[in-house]
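Residue-level structure breakdown
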Amino acid sequence: MVKRQFDYEKKYQELQEKVKELREMSKTFNIDLSGEIKSLEARMESLREEKYKNLSPWEKILLVRNPERPTSYDYIKFFCDEWIELHGDRLYGDDRAIIGGIGILEGQPLTIVGHQRGKDTKDNLLRNFGMPHPEGYRKVYRLLLQAEKFNRPVVTLVDTQGAYPGIGAEERGQAWSISQLLMTLAKIKVPVVSIVTGEGGSGGALALAVADRLLMLSNAVFSIASAEACASILWKDLQRVEEMAEAMKITAFDLHKLKIVDEIIEEPLGGAHKDFETTANNIKVSLKKALAELLSRDIDEILEERYNKFRNVGRFVENGSEKP
Amino acid sequence: MIRNTFGKKRYFSISKSAEAAGKKPDEIPRKIACPSCSSLIWETELVKNYRVCPKCTYHFPVGAWERLNLLVDPNSFAELDSDLYSCNFLDFPGYEEKLVAGEEKSGLREAIITGYASIAGYKVVLGIMEPSFMMASMGSVVGEKVSRAVEHAIKNRFPLIMCTASGGARMQEGMVGLMQMAKTSAVLSRFHRNSLLYISIFTHPTTGGVLASFASLADIIIAEPGALVGFTGPRVISQTIGQKLPENFQRSEFLLEHGMVDLVVQRSQLHSTIASLLRLHQGGNNG
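Here the residue index of a chain counts from 1 through its sequence in written order. For this description, chains carry letters from A and ligands carry numbers from 1, given in the order in which they are written. Only residues with pLDDT of at least 70 are given local features in this predicted model, and only at 80 or more are side-chain atom pairs given and counted; all residues enter the totals for whole chains, interfaces and linings. As a rule here, side-chain values cover all heavy atoms of the structure and leave hydrogens and water aside.

1. Digging into the domain arrangement of chain A
Residue and element names in this part refer to chain A. The domains assigned to chain A are domain 1 (2-54) and domain 2 (61-312). Start and end positions for the domains come from either an automated domain assignment or a database one. Distance from the C-alpha centre of domain 1 to the C-alpha centre of domain 2: 37 Å. Counting residues at the interface gives nine residues for domain 1, matched by nine residues for domain 2. Summed over both sides, the interface between domain 1 and domain 2 buries roughly 930 Å², with carbon and sulfur atoms accounting for 66% of that surface. Salt bridge, as used here, is a side-chain nitrogen of Lys or Arg placed within 4 Å of a carboxyl oxygen of Asp or Glu. For the pair domain 1 and domain 2, the number of links is zero salt bridges. Between N or O atoms, a polar contact is any pair within 3.5 Å; within protein, one atom must be a potential hydrogen donor and the other a potential acceptor, and residues adjacent in sequence are included only when both atoms are from side chains. For the interface between domain 1 and domain 2, the tally reads zero residue pairs in polar contact (both at pLDDT 80 or more). The leading source of residues in the side of domain 1 that touches domain 2 is helix 2 (residues 34-53), at three residues. Only Asp, Glu, Lys and Arg are considered charged in this grouping, and only Ala, Val, Leu, Ile, Met, Phe, Trp, Tyr, Cys and Pro are considered nonpolar; every other residue, Gly among them, is considered polar. Of the residues contributing to the side of domain 1 that touches domain 2, the split by class is three nonpolar, one polar and five charged. Pairs of residues are marked as contacts when any of their non-hydrogen atoms sit within 4.5 Å. Buried area: the accessible area, evaluated with a 1.4 Å probe, that two parts lose upon being put together, summed over both parts. A run of H or I in DSSP counts as a helix once it spans at least four residues, and a run of E counts as a strand once it spans at least two, with each numbered from the N terminus.

2. Focus on the pattern of salt bridges
Under the definition given, this model contains 37 salt bridges over all chains. Ionic pairing is found between Glu263(A) and Lys289(A), a salt bridge with its closest N-O pair at 3.7 Å. With a gap of 26 residues between them, Glu263(A) in strand 8 (residues 263-265) and Lys289(A) in helix 13 (residues 276-295) connect regions that are remote in the sequence. Working definition: with a 1.4 Å probe on protein chains only, accessible area under 20% of the residue-type maximum means buried, over 50% means exposed, and in between means partly exposed. Looking at Lys289(A), the relative accessible area reads 54%, which means it is exposed. Linked through salt bridges whose partners overlap, the residues forming this network are Arg311(A), Glu318(A), Asp81(B), Glu144(B), Arg148(B), Glu151(B) and Lys183(B).

3. Description of the nonpolar core
Grouped burial of nonpolar side chains is what soluble globular proteins tend to show. Only buried Ala, Val, Leu, Ile, Met, Phe, Trp, Tyr and Cys residues count toward a nonpolar core, and they belong to the same one when joined by side-chain atoms within 4.5 Å. Residues Phe222(A) and Leu160(B) are the most contacted members of the largest nonpolar core, which totals 147 residues. By residue number, the principal contributor to this core is helix 7 (residues 174-193) of chain B, which donates 10 residues. Among the nonpolar cores identified, the runner-up in size contains 24 residues, and Leu68(B), Leu126(B), Cys163(B) and Ile201(B) belong to it.

4. Some points on the environment of Glu110(B)
Residue and element names in this part refer to chain B. You can see Glu110 is positioned in the loop between helix 5 (95-106) and strand 5 (112-119). Residues Glu110 and Met129, 19 residues apart in the sequence, show an inter-C-alpha distance of 8.8 Å. Contact partners of Glu110, with chain neighbours within four places excluded, come to Leu84, Ser86, Leu99, Phe133, Val141, Val142 and Arg170. Here Ser86 takes part through its side chain, which lies 2.4 Å from a polar atom of the side chain of Glu110.

5. Focus on the packing of helix 8 (residues 174-187) of chain A against helix 7 of chain B
Interaxial distance between helix 8 of chain A and helix 7 of chain B falls to 8 Å at its minimum, and their mutual angle equals 70 degrees. Judged on the interaxial angle alone, helix 7 of chain B and helix 8 of chain A are roughly perpendicular. The interaxial crossing formed by helix 8 of chain A with helix 7 of chain B has right-handed handedness. On helix 7 of chain B, the residues that touch Ile178(A), Ser179(A), Leu182(A), Met183(A), Ala186(A) and Lys187(A) of helix 8 of chain A are Met181(B), Ala182(B), Ser185(B), Ala186(B), Leu188(B), Ser189(B) and His192(B). Here the contact of helix 8 of chain A with helix 7 of chain B is composed, by residue class, of eight nonpolar, four polar and one charged. Structural elements are reduced to axes, namely lines fitted to C-alpha atoms, with helices fitted over the stretch in contact, and the angle between N-to-C directions of any two is expressed from 0 to 180 degrees. In what follows, roughly perpendicular refers to angles from 65 to 115 degrees, roughly parallel to angles under 35, roughly antiparallel to angles over 145, and oblique to any angle outside these ranges. Helix crossings fall into two classes, left-handed where the near helix is turned counterclockwise from the far one by less than a right angle and right-handed where it is turned clockwise.

6. Considerations on helix 4 (residues 64-71) of chain B
One turn of the α-helix equals 3.6 residues, which is why residues spaced by three or four share an orientation. Residues and elements named next belong to chain B. Within the span of helix 4, buried status applies to Ala64, Arg67, Leu68 and Leu71. For helix 4, the arc enclosing every buried residue in end-on projection is 105 degrees, short of the 170-degree limit, so these residues lie on one face. Close packing links the buried residues of helix 4 with strand 5, strand 6 (122-129), strand 7 (160-166), strand 8 (198-207) and helix 11 (267-280). Starting at the helix axis, one direction is taken to each C-beta atom, and the arc is that of these directions.

7. Here's the deal with the side chain of Thr207(B)
Mapped onto the elements, Thr207(B) comes out in strand 8. Within the local environment of Thr207(B), its side chain forms a polar contact with the backbone oxygen of Ser166(B), the two atoms lying 2.7 Å apart.

8. What about the domain arrangement of chain B?
Residue and element names in this part refer to chain B. Structurally, chain B comprises domain 1 (30-60) and domain 2 (61-282). Just the C-alpha atoms count here: the centres of domain 1 and domain 2 sit 24 Å apart. The interface is formed by eight residues belonging to domain 1 together with nine residues belonging to domain 2. With a closest N to O distance of 2.9 Å, Glu66 and Arg51 form a salt bridge. Our enumeration of links across domain 1 and domain 2 arrives at five residue pairs in polar contact (both at pLDDT 80 or more). Of the residues assigned to the side of domain 1 that touches domain 2, the class counts are five nonpolar, two polar and one charged.

9. Structural notes on a negative patch on the surface
Residues and elements named next belong to chain A. On the surface, Glu14, Glu17, Glu21 and Glu24 cluster together to form a negatively charged patch. Among the structural elements, Glu17 can be located in helix 1 (residues 8-28). Exposure remark for Glu17: the relative accessible area of 47% places this residue in the partly exposed category. Two distance rules govern patches: like charges are joined within 9 Å, and nonpolar side chains (Val, Leu, Ile, Met, Phe, Trp, Tyr) within 5 Å, applied only to residues with over 30% relative accessible area and no salt bridge. In this description, accessible areas are obtained by the Shrake-Rupley approach with a 1.4 Å probe, and a residue is regarded as covered only by the protein chains that are shown. By the counting scheme adopted, Arg and Lys are positive, Glu and Asp are negative, and His together with the chain ends is not counted. By convention, charge coordinates are those of NZ in Lys, CZ in Arg, CG in Asp, or CD in Glu.

10. Re the sheet that holds strand 4 (residues 84-86) of chain B
In this analysis, strands are considered paired if DSSP registers two or more bridges between them. With antiparallel pairing, three strands are arranged side by side in an open sheet as 10(A)-9(A)-4(B). Of all the strands in the sheet, just strand 10 (321-323) of chain A together with strand 4 of chain B have a single pairing partner and so form its edges. Between one strand axis and the next, the sheet turns by 40 degrees as a mean value, whatever way the strands run. With three bridges connecting them, strand 9 (residues 316-318) of chain A and strand 10 of chain A associate as antiparallel partners. Its bridge partner lying in strand 10 of chain A, Val317(A) is registered against Glu322(A). Across the sheet, helix 6 (residues 140-156) of chain B lies against strand 9 of chain A together with strand 4 of chain B, angled at about 150 degrees from strand 4 of chain B, the strand it touches most.

Rendered as structure tokens:
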């Protein structure tokens, strides 16, 4: 049976309750168990640490789908001393599944855009579970041109299961809006830093992830299509979704090894939602470093580097030898 | 071998008597049933008619080489980058087998052929995708061949023409496969900066990551009648929204109505339409 929920924390809490009971028992019956309790607690902690260091790809997917996981708004509010959200694509509407605006991070103005999941059911309905329509991507397009005009670096936060698969999305050109963003980000004349904070799903996520630097939280995942979709399409077997998650190489560690991700940002034990401040601060440190490095350089050099980075992605055999 | 023939030409039905005669299926004159209007058409007649049903204009699938011949001036094609092969760098289960099967089924090394050609005397760089090779999904080789085709076009200041068909990005190559969307889009940003002409022709089916990258980044977009064109496949959409999809949803005519393509062009008119567009652009390299 495929695990559908990340339940390790619940088990851990149950163990903590047991230890508490033990402590009370030792008090009531006046038996000294402090040594045993201490070693038990140490063992629990080390097991927990071990568990989080060795999460399977599928467990990571479940972990980042936790509704308590911080969203783009949370991070933006943490990063920026001042922030104004801007709305609408000037063509059709305002897609709440993608947010965008201008913020100041320690004196540096930035255009920040990101996928936005909901915090609860009501919010999720408003935000379409963080799955954008074309108007969302076209809002980003508009804000990118604006960023270029005012020479503001761009920061994107990637956190979506994918672009929304719906009738309206197709009618209004989902594919066109995504391709337009891919091409615009490839050539935009300001530095772009992208951070995968949760689940990066397919083209709908990639549309915001073409950047000079791609950073990724340690539990985040980024995949060509959801593990569920791949398992059902390729293997016609949803029960093998865990195996598929493993085969697709979707974790920050694997993608760093494949040279798709430039830097992994460590999450605290238990995941980003267990300690938001630490997570957000870790991102902020890496983001500031990446921006400072990019802003110290000539933009033409950055554009050349960005172009080559994407031009050279891919592995194949030519004239009998493997490239690159 | 016989099984392969049947697998390849799914829409073709061969009469029992011809089969019983023991001849090779390719040598027997046969009638093919149109999947749209069910009328029986002699194959020779169908081939003469660009593989379009003479009764209802249903467009049968065309292999990459046959399509090439329909599109370019005779003997004008010079293939580029034909020695590129895919490799299973992720150790993805079953990928090698899929590649071998794709090769056998399509007779091609990968899901796209690219090269120089001329159309009505105008020199172009051309790419044609072949759905019988792993649904013409885009992995590293397709991404690289498309990118090189774009670069050949930039270098020679030739227009670029892409006949697209695809199930999307190639899942067996994971994120490296998805990144081919970014790669082809990046290369096209340079192409457009050079004021060169790019025409794409959507054939059945053009979907997913190919549609959401190089296919839709053309100056002029033509679709073949009845082709399925969309970002997400119709099955996934109807499952997600739990609704029946509108008639003609994601077909070329639907896209024309919604402003997503410039033209829907019958296969028999494709060559003359492209020739006309090249003429209107004065060969497409005068930017």
